[in-house]
Every structure is written in C-alpha cells, then in structure tokens.
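Summary of structural features
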Amino acid sequence: MSRTVYLNGQYLPEEEAMVSIFDRGFVMGDAVYEVTCVLDGKLTEFEGHMARLERSLRELEMTCDISREEWLAIHRKLIELNGLTDGGVYLQVTRGNAGDRDFHFPPAGTPATVVLYTQSKPGLANDPHALTGIKVISVPDLRWHRRDIKTVQLLWASMAKMMAEKAGKDDAWFVEDGFVTEGSSNNCYIVKGNKIITRNLSNDILHGITRGSVLKMAREAQLEIEERPFTIEEAQAADEAFYTSASAFVMPIVEVDGVSLGDGTPGRVSKRLREIYIEESRKVAI
Ligand code: PMP
C-alpha cells in the first residue's frame, strides 16, 4: 500500500511526490536530514532531533522557516495517516531548486525543499540482532571533515556497509589516524570493567542524540564515562562494545575485525543500557 508523504506543505501519495532535477539535494548532495524513531506510535527524542536539525541548517547557512510546533504537527500527521506503530520518520531539507546546475548557492529567498515520510519497522525494539550481538569490520574514514553536520552525503557510509556485508559481517567502524571515529551510521563505545569509553564530541563525528541520552543514563547507573578516542586493538581487548543510534537504540557488538570480545555474546553493560534506554524512551515519547 502506498504511503502518504509530505512534500513542501502537501500530503501526497508517494508516487505523486516529485522533486526537480535541479534540486540542490539531487545535484550537489546539498541537504540535511534527521530520523526520529517511533515506538508505539509516539516520537522518541523529538526535541533532540529538532535541535540538531536547526544546528545543521545553521552551519550550512540554509534557511527553512518551519517552527518546532509545525515540525511536530507534520510528524504526528504522517504517523496518523500511515498508521505507523514502530519505525521512524525521515525528514530531509535541501537548499531548494536552483533552476540550473551551479556551484553558487541559489539566490536568497529560494525556498527549501522539505520532504518527510514514515518507515515502518514492526517490532523495532525486539530486533533479534540485539540478542546475538553484531560483528564489525574496520575501514578507513574517508568522509569529509564536518561529520557533525547531518548531511545526506552518505556515499562512503553506504560503501562501508556494503564492504561489511561482502565480508559476511554486520557493520563497519571508521578509523582515522589510528583511532575509531564512529560506526557507519552510529556512535560506538567500548566497555572495560565499569568504564565506558567513547570518542569525544568534535567535528570528527556526528553528535548522536542517542549518545547524549545513553551517556546520561549510564552516569545515573553509576558507570564511569571516559570520552576519548580509542584504537581497534583497544576495542579487541575490551570486555564488550556497543553502538547507539536512533533506530537501533543500544546495539551490542561481539566481534571487531575477526576478534571476539569477552565470551562472544552481548555484554552485561550493553544489555542493561539497552533495556534502560528503551524503557525510558517509551516513557517520555510524545
Ligand atoms: N553517527 C552517524 C555517522 C550516523 O549516521 C548516526 C545516525 N544517524 C549516528 C552517529 C547516531 O545518531 P543518532 O543517535 O542521533 O541517531
């Protein structure tokens, strides 16, 4: 069945939602996005995603005059129109239709292109991968250096996922100057005893909304947090590892570049944080 999607103020059947071939998102990858998770028909971490969206737009000098209240209303209407229970709402804002291909930004006042749609993932919180844990390979981080801005320029992330798949694994970790930056679409962590180690925030990584909440919950659970870069060798010697993202929550990692972590099953801290995070997210979802 066709979804109803949102395009520039209109709710349309997905087949009828068309964007110009001159759109900056299409021609230049000149666009930012957000994915907000939906559990039981409610949005999790909505304010965090909207705050990051506003920051991404600002950093790229892009304007989009939709207020937080309006964003919330659009998200809610799409959830309702599509009967979404579990999954996510994808949101993309581009610099709009420039009328031709040109490296210069379109004139001020050119309207942004705004697209939102739902993606259904029934039973999202019961992903069987969380029971077995996932396996990652490392690949060099060949992305640009403003990874803190959530742009749609995801080609290297997409290629890294394909490399992992070809290697018979689940995901890839990016490595730069000998240190892990982040996962192909997630932030990553290692655990040693009672201590969680994760890369500090900078332009090198996306400032994950899930990361912020999980670290706060970990502190409340009396875990020690060390925000600093770590190496693949350190990860391989860790007791456990996990990653975080809006749609995977806290995902245990059991293997890094062919080396099993701990006893090769999801670790105690990863499992506990996953439970806490999902429970809390459900409680505060709107
Ligand atoms: N890093 C990258 C590169 C990502 O693509 C994502 C997911 N969009 C994340 C981290 C996790 O961010 P969040 O927790 O906000 O989903």
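Residues numbered from 1 in each chain as written. Predicted model: local features only at pLDDT ≥ 70, side-chain atom pairs only at ≥ 80, totals over all residues. Heavy atoms only, no water.

1. Brief notes about the site of the ligand
The following threshold applies: A cutoff of 4 Å decides nearness: a residue is near a molecule or strand if any of its heavy atoms lies inside that distance of it. By the criterion applied in these results, polar contacts are pairs of N or O atoms within 3.5 Å in which, for protein atoms, one can donate a hydrogen and the other can accept it, and in which residues neighboring in sequence qualify only through two side-chain atoms. Accessible areas in this description were obtained via Shrake-Rupley with a 1.4 Å probe; residue shielding takes into account the shown protein chains only. A run of H or I in DSSP becomes a helix once it reaches four residues, and a run of E becomes a strand once it reaches two; helices and strands are each numbered from the N terminus. Amino acids outside the nonpolar list (Ala, Val, Leu, Ile, Met, Phe, Trp, Tyr, Cys, Pro) and the charged list (Asp, Glu, Lys, Arg) are all regarded as polar, and Gly is one of them.
Taken together, 18 residues lie near the ligand, and Arg52, Lys150, Glu182, Thr210 and Ala246 sit nearest. A distance of 2.6 Å separates an oxygen atom of the ligand from a polar side-chain atom of Thr210. Contact with the protein chains removes 92% of the 390 Å² of surface that the ligand exposes when unbound. The set of elements that each furnish at least two residues to the shell around the ligand consists of helix H2 (46-59), strand E9 (179-183), helix H6 (209-220) and strand E13 (240-245). Within the shell around the ligand, the residues separate by chemical class into four nonpolar, 10 polar and four charged.

2. Examining the UniProt feature "coiled-coil region" (unreviewed entry) in the protein
Going by this rule: UniProt positions are given in the numbering used here, feature names are shortened, and annotations may be inferred rather than shown by experiment.
Those residues carrying the UniProt feature "coiled-coil region" (unreviewed entry) are residues 43-70 in this numbering. From the first C-alpha to the last, residues 43-70 spans 14 Å; its make-up is 61% helix and 4% strand.

3. A closer look at the packing of H6 against helix H8 (residues 268-284)
Two packed helices can be described by the angle between their axes and the distance between those axes. To be explicit about the condition: Lines fitted to C-alpha atoms define the axes here, with helix axes fitted over just the stretch in contact, and angles between the N-to-C directions of these axes take values from 0 to 180 degrees. Here roughly perpendicular refers to angles of 65 to 115 degrees, roughly parallel to angles under 35, roughly antiparallel to angles over 145, and oblique to all remaining angles. Crossing handedness follows the turn of the near helix against the far one: under a right angle anticlockwise gives a left-handed crossing, and clockwise gives a right-handed one. Every residue pair with non-hydrogen atoms within 4.5 Å of one another is taken to be in contact.
Interaxial distance between H6 and H8 falls to 10 Å at its minimum, and their mutual angle equals 110°. As judged from the angle between their axes, H6 and H8 are roughly perpendicular. Like other packed secondary-structure pairs, H6 and H8 cross with a definite hand, here right-handed. Seen from H6, the contacting residues are Thr210, Ser213, Val214, Met217 and Ala218; seen from H8, they are Leu273, Ile276, Tyr277 and Glu280.

4. A short note on the pairing of strand E14 (residues 249-256)
Applicable threshold: Partly exposed describes any residue whose relative accessible area lies between the buried limit of under 20% and the exposed limit of over 50%, with all areas from a 1.4 Å probe on protein chains only and scaled to the type maximum. Strands pair, by our definition, only if DSSP identifies at least two bridges between them.
Burial analysis of E14 places eight of its eight residues in the buried class, which makes it a mostly covered element. Inspection of the sheet shows strand E7 (residues 134-140) paired to E14 by three bridges, in the parallel sense. The residue of E14 that forms the bridge with Lys135 is Glu255. The sheet contact formed by E13 and E14 spans five bridges and is antiparallel. Within the sheet, the bridge partner assigned to Tyr243 lies in E14 and is Met251. Once E13 ends, the chain turns through three residues before running back antiparallel as E14. Judged from the two bridges that link them, E14 and strand E15 (residues 259-260) form a sheet pairing that is antiparallel. Across the sheet, Glu255 pairs through a bridge with Ser260, a residue of E15. With antiparallel pairing between neighbouring strands as the criterion, E14 and E15 make up a hairpin whose turn holds two residues, including Asp257 at a positive phi of roughly 50°.

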